[in-house]
Each structure stands twice: as C-alpha cells, then as structure tokens.
Amino acid sequence: MILVVDNHGFTTRILTHQLGAVHLVTAAELLAVDLDNYTHVVIGHGSAAVDLQPLHEAPNLPVLAIGAGYQHLAALYGHTETTSAKPVYGQPVTHHHCGAELFAGLPVDVKLISYHAWRLHRMDTDRFAIHATGADDAVLAFRVQGTNHWGLHGDPAALQSMVGNAVINNFLALAPLAPTPPEPISPTTRRRQRYEVFTRSIVGELDTSATFATLQEDTSAAFWLDSASAHRGQGDLTVMGTNNGELSQTIRWNVTTNALDVVAGSDAHQLTGDVLDYLEEHLWEPTAVVDFDGFTGGWVGYLGYEAKQATVPGHQNRWEATTPDAYWIQPQTFLRYDHRERSTTLFSYHDPALLDTLEAALVFESSTVSGVPERADIAGQWRLSAAEYEDRVGRIQELLHAGTAAGICLTDTFSMDARGLDGLELYGRLRANNPAPYAGYLRFNTFDDSLEVLSASPEKYLSIDAAGTVESKPIKGTVARSSDPKQDAEVAASMAADTKIQSENLMITDLLRDDLATVTVPTTVQVPKLMAVESFATVHQLVTTVTGQLLPGTSAVDALKAVFPGGSMTGAPKNISLETLDALEAGPRGIYSGAMGWLGHRNTAELNVVIRTIIIDNEQLSIGAGGAVVVDSDPVAEEQEKHLKAQALMHSIAEQL
C-alpha cells in the first residue's frame, strides 16, 4: 500500500490515480501513521507545513516529496538554503538529470510542470546526491545520501509533465508493491416517488422568446435554459417551464442557517438541512425510461457562490449573500426545443391535460429585439475603485511570489438601481447582444422574493450523461473580438500563444482534474481538447475540455459537491484561494460564480458557470466580473479585463434604460 500525504496542493488526487491503491492522509495526520504498513510514501505539493520527522526513522522506505514537500524533506536533513522565488506556475521547467533511478530511461533533458516557487540551492553533496538541476544551477531533484528519500521540484501529476508517469513508475520500482484487492463497489439504491410521464411532439421552428413570454405569465417561478447561440452552432437544446402544477416544487436555501423553504403545489413549509441532500432525496422519476438525451425532468435552478461553505470541508464564509444561496424548481410540466431538428417536445408528469396548457403557449412566428440607436448613461458603481482593484491584484501577486498559491481569481461587483427595468425584456436584449451556449433566465417570485437571473454564460461547468460520462470546459483567456476579420484572427492567435494565459488555463485544468479524481474511475480523467480557441459574439476565449467516467454508485449531486465552487472562479489551490478571496473582495459574490442548470433523471446533469450574468433582486441590479491573477499579471490590464467581461452586459442595460 502507498501512503500519500495531502499537502494542500491541487494535483494530489490526480497523483493517487497514477499511483493506484493508496491511503490518503492530511499533513497533520502523518505523525500518527504507522509507516510499517506502507511500501512507499509520497508527499504532495502544496503550502501546508508538514512535519516529516517520522520519515527520518525509516531511511529505507521509498519516499518521494514533490514541490513544497521537496523543500520540507531537504529541511528535515538540514538544508534550508534556496534561490529567490521562481514562480513559473503552470509552465514547463527543464530538469537536467543524471539518467539514473528516478530518471532512468528518460531523455537527457526532460520538462516537468512547476507549481512550487522556491528552488533549493548549494546542497551539500556529502548529505545529498544531486540528480537534476535547472538552468540556474538550482537543485530540482535530489536523494538523501544513505536513504531511499527523494525530493523533486517538478510535479509529475500535472497535465503537461509529459514524463510524469515514467518518473512515478521509476519511483515505484524502488520497492515491490504488494497486490491490493479492489474494494467492492455497492451501487447506491434510492427509492424515489415515480410518476407516469406524458409527451407530445410538434414540428416547426419555435420562437423561443415569444413562447417563454407566454408560458411564464401568471406563474410565481419560471426557467428558460437557453441555447441562445444555437444559430452559431453552439448548443442544441432549449428547455423552459414553470412551477405550475400540484406536483411542482420550488425550494429556497440559506447556507448560514441551513433553512430550506419549500412550496409544493399549494403547501408551503420550512425545513432545516442541506439543499443538495434535499435535491437528491426528493427527485422523483418517471415510471418508465424516457428515450431522450438531456433533460427529461428533475431540478432546475442555481447554487450560489457562498454555498461553498457546505461543499468545502472546514471553510467558513466571511460574507453572507443578499440573495438566496440556492433556488430550484422541480417542474411538473416543461418543454424542450431541439434547434437542429426544429422540433418541440412537451412533457407533463401525472396529468396529461397539462400538455394542452403547454401547447397553447407555443409561438412559431419569428420575433427580434428592436434596435436602439443610442445607449443611456448607467448610474451605478463597482465596489472597488480602479486603484483598489489594482492594489488587490498586487497583494495577490505577493502571495504568488511567496509560493502560497499559483493563481487566484479576483472579482468585483457592480450594482445599480433597477427600478423600471423589465428583466425579461432586458434578457432578450442581452441574448441578442451576447448569444451564448449556456445562457438562461430564472425568475422567482416565491416566498415574497422578486429575483431574476439573466445569464449569458459561455462556460460549461459540469455535465453528466446517462452513460456516466462527466465533462467540464473551463475557460481561462479572454480577448475582445475585432470587426476586421484579419485582425480578429490575429487577436485569437495571439491569445492562444500567450504564455501567461496558457499557464492560467493549465493550472485550472489541473485543479479540475484533481477535483474530478475524487468521483471518477481511476485513469479515466482525460483532456481531449487543451486550450482550444472558441469564438463568441463579442470575445474569443481559450477553452479546455476535461472528461472522466463517474464512479459507480456516485450521484450527480456527489459530483457537484466534489467540484463546487468551480476552480476557474477561485484559483489554485482552492482552499487557500477561497480564504484569500474572502479577505480581499469587498463583499459576497452571491449567485455570480456559482452554478446554474439542471440535475435530472438517470443521474444526469448539466450546469454552467454563472458568469456574464445580470442579477435583479428586489429592484437592485448587480453584475460580477473579474479574472485570474497570476505572477505575470499586470494590475492595470486585470482591471481593464474586468470591464471587458462586463461590457456586453453594460451595453444591454444601457440600451434598455
């Protein structure tokens, strides 16, 4: 059995997939571990202070310490001298090595991704055998003389550490591995309420805007999951519905108090509990399998950013959101429109008569948002001034130079008076100005709320299909498009080649791979597309696709818990990023940076990252925007990027005033 010590890094769980059967403990638990039970020990990269004294008493036990762990291991044997910080996070570092032991059979110079700022220097060769150095003669790999203890600066679990598996295999070959029988997996069996489902299909090109406007009238809650850029080949399916019907449920949740407000048909009551547990336990299903991909019923809604307190062990929010931390509808009736087939399917559970109500709302005549020749002035403000935002960028960079984190996503919030604004009309303008594949509109007038979510999100956060395939598409890298085709292509190519943007994207990709490793079958986490340019109406973005196979017996809700909040909106490592952001940001993010979409039948799901989104809450409008801060960030450019990401939203508001 292999012991892995989690040093608060963000590739530790990827490493466990590479290693196979492991026992994972925290840095604080190492002192209580009986090392005689293990054939190997791996210390993951990260920022925790690990007491490695027990290893001193086991010199023959193969130990591999990575990143910060390699620095801790050197200190255990008396070496503390380092070079000045070399924060090259997410970038390849050439290891000039000796070709033996850890590096046996590898080319003379190999590249491993670095996620550790500090490098060891001037090591005593009587105590340490130097096995790899960097261009500046810093020590990148060593073995403690007379022991089987190794330190390695690079991270073999990082995606682009191309020889990472070979290094790990060479380490494992230092001692025999006892076979470990696989643990039996017991599929989770849940008894759920079942209802007969009735469907009706209608062919014709649907006017989704006009249909939703009609459908949602005289209801207290409604949703429109909108493939607004389907005409651009981005997104195939639009889903819309309301809380109409006695079976429908609408729930609201507060993470601080754990209060769950529930309205089911005409009955309203309050419970205490976790909203995700409630979604899992109260999802009802059809009596027979519905032969459609995608949403066939389930929960539709959002999970706000501050819900992180319930999904990240040990984390406590500094801020409390003014909006509910979660709002979900389980609709009795809804419709799906397939943009490719130009076909609408109506769904009703238990009551076939409700199909007639749905059909009466369908509109097949085309409509467009009228043009506005001028934009009005917007009277609102950001929480942080330009100088304050730039100062916080600088403070994050100090942490990065100190090796505390690799990158942190700083955001800000704009707010203004929304009296007189029609939220649905504003959403129509937003989807016209900035069509997006994971767009959507939510309205909740339940529990005395007046809440609307207008999202033009381009980012898929998490999807799970009926076969258990998990997919996420993190975005890091955003540039404005040009009206000149040649210049537009040059802008996109320049973004794709930018080493700063590449390192941002890579570290978030590794963070997501690590999150997914907890809920996927080992070795199945793959990256079929790395840093691909995707073009939207107003911006080009660099998008990576990460996939995996969900572990048997693992629910979609379990998967959401494992990856929430999204790493692209926090940073790496996630725990440190969350604490830093709570300290530096000037208030709660609320719904912004959370997840919006659906959790459905057959253990399926599809959710976006709540970005490019307008929130209207009791006549107050807010917008969140920001970006990843890395070592090479320019504070002024970061502040400008914040405004670029909010630009389409601001223009839509100005046109609607």
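Residues numbered from 1 in each chain as written. Predicted model: local features only at pLDDT ≥ 70, side-chain atom pairs only at ≥ 80, totals over all residues. Heavy atoms only, no water.

**Q** Help me understand the overall build of the protein chain in this model?
**A** Along the protein chain, the regular secondary structure elements total 15 helices and 35 strands. For a compact globule of 657 residues, the expected C-alpha radius of gyration is about 26 Å, and the protein chain comes in at 26 Å, within 12% of that figure. Considered along the principal axes of its C-alpha atoms, the protein chain spans approximately 85 × 55 × 45 Å. Counting across all 657 residues of the protein chain, residues that qualify as buried make up 59%. Counting contacts in the protein chain only where the partners sit at least 6 residues apart, residues at least 24 apart contribute 72% of the total. (Helix = DSSP H or I, 4+ residues; strand = E, 2+ residues; numbered from the N terminus. Rg over C-alpha atoms; globule rule 2.2 N^0.38 Å. Buried < 20%, exposed > 50% of the residue type's maximum accessible area, 1.4 Å probe, protein only. Contact = heavy atoms within 4.5 Å.)

**Q** Could you clarify how one ought to interpret the packing of helix H10 (residues 423–433) against helix H15 (residues 635–656) in this entry?
**A** Helix-helix packing is described using two parameters, namely the angle between the two axes and the distance between the axes. Viewed as axis vectors pointing N to C, H10 and H15 meet at an angle of 135°, and their least axial separation amounts to 9 Å. In terms of orientation, H10 and H15 fall into the oblique class. When the axes of H10 and H15 are compared, the crossing they make is right-handed. When H10 is examined against H15, the residues Glu425, Leu426, Arg429, Leu430 and Asn433 are found in contact with a partner set consisting of Ala648, Leu649, His651, Ser652, Ile653, Glu655 and Gln656. When the residues that make up the contact of H10 with H15 are grouped by side-chain class, the tally is five nonpolar, four polar and three charged. (Axes fitted to C-alpha atoms, helices over the stretch in contact; angles between N-to-C directions. Parallel < 35°, antiparallel > 145°, perpendicular 65-115°, else oblique. Left-handed = near helix turned anticlockwise from the far one by under 90°. Nonpolar A, V, L, I, M, F, W, Y, C, P; charged D, E, K, R; others polar.)

**Q** Would you explain the sheet that holds strand S8 (residues 139–144) in this entry?
**A** Pairing between the strands of a sheet is mediated by backbone hydrogen bonds and can be parallel or antiparallel. Taking strand neighbours across the sheet as the criterion, the nine strands line up as S2-S1-S3-S4-S9-S8-S7-S5-S6 in an open arrangement whose pairing is mixed. Edge positions in the sheet fall to strand S2 (22–26) and strand S6 (109–114), since each of these pairs with one other strand and no more. Averaged over all adjacent pairs, the angle separating strand axes in this sheet is 25°, with direction ignored. For strand S5 (residues 91–97) and strand S7 (residues 128–133), the ladder comprises two bridges, and the chain directions are antiparallel. Its bridge partner being in S7, His96 is matched across the sheet by Thr133. Packing against the sheet, helix H4 (residues 164–172) makes contact with strand S1 (2–6), strand S3 (40–43), strand S4 (63–66), S6 and strand S9 (149–152), and its axis sits at approximately 140° to S3. (Pairing = 2+ DSSP bridges.)

**Q** Any chance you could explain the pairing of S3 here in plain terms?
**A** Looking along a regular strand, one sees the side chains alternate between the two faces of the sheet. The alternating pattern of S3 places His40 and Val42 and Val41 and Ile43 on opposite faces, both of which are buried. Relative to S4, S3 runs parallel, the two sharing three bridges. Looking at S4, one finds that Ile43 is bridged to Ala65.

**Q** So what exactly am I meant to see when it comes to the environment of Ala376 here?
**A** Residue position: Ala376 is located in the loop between helix H8 (354–360) and strand S22 (380–382). Taking relative accessible area as the criterion, Ala376 reaches 34% and is therefore assigned partly exposed. Separated by 281 residues in the primary sequence, Ala376 and Leu657 have C-alpha atoms spaced 6.2 Å apart. Residue contacts for Ala376: discarding those within four places in its chain leaves Ala654 and Leu657.

**Q** What exactly am I supposed to notice about the pattern of salt bridges here?
**A** Between side chains of opposite charge, a pair can form when the charged atoms approach closely. This structure, assessed with the given rule, holds 31 salt bridges. In this structure, the salt-bridge partner of Arg342 is Glu205, at a minimum N-O distance of 3.5 Å. Placement of Arg342 in the loop between strand S20 (333–338) and strand S21 (343–349) and of Glu205 in the loop between strand S11 (197–203) and helix H5 (208–215) is noted, with a sequence separation of 137 residues between them. Look at Arg342 and you get partly exposed, because its relative accessible area is 44%. Residues Asp261 and Arg252 are paired through a salt bridge, measuring 2.8 Å at the closest nitrogen-oxygen approach. Like Asp261, the residue Arg252 is buried in the burial classification. One network of salt bridges, with partners in common, ties together Arg13, Asp514, Asp515 and Lys574. (Salt bridge = Lys/Arg side-chain N within 4 Å of Asp/Glu carboxyl O.)

**Q** Is there a simple way to think about the packing of aromatic side chains in this case?
**A** One pass over the structure, following the stated rule, counts 19 aromatic pairs. Over the ring of Tyr305 we find Arg589; its NZ or CZ atom is 4.4 Å from the centre of that ring. Note that Lys642 overlies the ring of Trp382, its terminal NZ or CZ placed 4.4 Å from the centroid. (Phe/Tyr/Trp six-rings, centres within 6.5 Å; stacked < 30°, edge-to-face > 60°. Lys NZ or Arg CZ within 6 Å of the ring centre and 35° of its normal.)

**Q** Please clarify how the pairing of strand S23 (residues 407–417) should be interpreted in this entry.
**A** By the criterion of burial, S23 is predominantly enclosed, with nine of the eleven residues buried. With two bridges connecting them, S23 and strand S31 (residues 571–572) associate as antiparallel partners. Directly across from Ile408, in S31, lies its bridge partner Gly571. Bridging between S23 and strand S35 (residues 620–629) involves ten bridges; their strand directions are antiparallel. Along S35, the bridge assignment pairs Phe414 with Ile623.

Keep in mind these values describe shape, not function.
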